[in-house]
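In case you want the letters, here they are:
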Amino acid sequence: RNVARNKENLPLPDAEKDFLQYLSVKYSMPTWLVDLWSRRYGFPITETMLSGLMQVHPVSLRFSTKLSASELEACCEQIRSRGAELVQNPYLPYVYQMQNGESFSALPGFEEGKYLVQDVSSALVVEMAGITQQDFVVDVCAAPGGKSILASEKAARVLSRDVSAEKTAVIEENIHRMQCNNIEVQVFDGTQCDEALLGQADVVLLDVPCSGLGIMGKKRDIKYHASSEGIAELNVLQKEIVRASAGYVKMGGILMYSTCTIHR
């Protein structure tokens, strides 16, 4: 407790003698990771990223785009009445950041499918794909289903897949709660090519498994488990998924590739 109370006064490594070690200790980040980013981005940008990952990251609520403006505002007011602070995200009008609230699943509107927890960056991936009402969308690595659900609010039909029954069960739970009736869920290994889908999809979403280095601000434990060896293995897996799934895109369609990592 004494250390916690005085943490701002604890001695740090000499920045002039070893800036790498200084950043590692100051921002509680493994040295190998600081070194990786420093060589890629340089020290100033790396320190900005490290500082950002130390900040408090509010929960993001992504409201259904099926809600009218009045329904959205009424739901927000109900949530605020429970003591939560809601601030509209500057990038998308239907995403709000929530602070000081109770468990999101206990808040008004959750069980009725008016919103789900989804970061604005995840929603932007779907927005950037330019999905139209006539489109058939394939989401290859879909769990927990946030992108599939947003895509279903824009498209004619969505095929939502992931590698195990445990993952697809989570997708189905969210689909049921959000009342989506144009999504088909299947267990399928994204590293395998489904020849029946070749050339069939208007949009293919590839949110491939990654190191998650970009979301350590929310999932602090990632930095204790990540390794350079693990990143190299993920590179192989990502390429396998791209090779197997890219052919699903029809001529003139969109392949949207995304990860939640910072490292290229």
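Just above sits the structure.
Residues numbered from 1 in each chain as written. Predicted model: local features only at pLDDT ≥ 70, side-chain atom pairs only at ≥ 80, totals over all residues. Heavy atoms only, no water.

> Any chance you could break down the packing of aromatic side chains for me, citing the residues and the numbers?
Enumeration over the complete set of coordinates arrives at six aromatic pairs. Judged by centre distance (4.9 Å) and plane angle (90 degrees), the rings of F19 and F43 are edge-to-face. Separated by 24 residues along the polypeptide, F19 in helix α2 (residues 19–26) and F43 in helix α4 (residues 43–53) bring together distant segments of the chain. Judged by relative accessible area, F19 falls into the partly exposed class, the value being 23%. (Phe/Tyr/Trp six-rings, centres within 6.5 Å; stacked < 30°, edge-to-face > 60°. Helix = DSSP H or I, 4+ residues; strand = E, 2+ residues; numbered from the N terminus. Buried < 20%, exposed > 50% of the residue type's maximum accessible area, 1.4 Å probe, protein only.)

> Please provide a residue-by-residue account of the environment of C141, values included.
Its location among the elements puts C141 in the loop between β5 (136–139) and α7 (146–152). Between the alpha carbons of C141 and P209 there is a distance of 7.8 Å; along the sequence they are 68 residues apart.

> Tell me what's going on with unusual backbone geometry, and back it up with residues and numbers.
Here the residue pair A143 and P144 is connected by a cis peptide bond, since its omega of 5 degrees sits within 30 degrees of zero. Relative to the assigned elements, P144 resides in the loop between β5 and α7. Positive phi, close to 55 degrees, is recorded for S28, a residue that is not glycine. One can find S28 in the loop between α2 and α3 (31–41). Residue classification places S28 among the partly exposed residues on the basis of a relative accessible area of 38%.

> Can you lay out the sheet that holds strand β4 (residues 115–117) for me, pointing to particular residues and giving the numbers?
Read across the open sheet, the four strands follow the order β2-β3-β1-β4; overall the sheet is antiparallel. Looking along the sheet, the strands with just one partner apiece sit at the ends: β2 (85–88) and β4. Across the sheet, the axes of successive neighbouring strands diverge by a mean angle of 30 degrees, strand direction being ignored. Bridge count for strand β1 (residues 59–63) against β4 is three bridges, and the pairing is antiparallel. Considered in β4, the bridge of L61 is made with V117. (Pairing = 2+ DSSP bridges. Axes fitted to C-alpha atoms, helices over the stretch in contact; angles between N-to-C directions.)

> So what's going on with the side chain of K223? Residues and values would help.
Counting through the fold element by element, K223 comes out in helix α9 (residues 222–225). Here S28 takes part through its backbone oxygen, which lies 2.6 Å from a polar atom of the side chain of K223. With residues near it in sequence (within four places) discarded, K223 still touches Y27, S28, M29, P30 and M216. (Polar contact = N/O pair within 3.5 Å; in protein donor to acceptor, adjacent residues only side chain to side chain. Contact = heavy atoms within 4.5 Å.)

> Describe the nonpolar core, naming the residues involved and giving the relevant values.
Judged by nonpolar contacts, the single largest core of 26 residues is most densely connected at I131, V137, I149, I175 and I183. For this core, the elements supplying multiple residues, two or more each, are α6 (120–128), α7, α8 (165–178), β7 (183–187) and β8 (201–207). Among the elements that line this core, the one with the most residues is α6, at four residues. If we ignore the near neighbours within four places in the chain, the residues touching I149 are R62, L116, N174, I175, M178, C180 and I183. In this structure, Y27, L33, L50 and L53 belong to the second largest nonpolar core, which totals 17 residues. (Core = buried A, V, L, I, M, F, W, Y, C linked by side-chain atoms within 4.5 Å.)

> Explain α2 residue by residue, including any values.
Of the positions making up α2, those classed as buried are L20, Y22, L23 and S24. Looking at the buried side of α2, the elements it contacts are α3 and α4. A positive backbone phi angle near 55 degrees is found at S28, which sits one or two residues after α2.

> Got a sec to walk through the sheet that holds strand β9 (residues 249–258)? Specific residues and values, please.
A sheet is described by the order of its strands in space; here five strands give the open sequence β7-β6-β5-β8-β9, paired in parallel fashion. Looking at which strands have only one partner, the edges of the open sheet turn out to be β7 and β9. The average undirected angle you get between the axes of adjacent strands in this sheet is 15 degrees. Pairing of strand β6 (residues 157–162) with β7, which is carried by five bridges, proceeds in the parallel orientation. Across the sheet, residue V158 finds its bridge partner in β7, namely I183.

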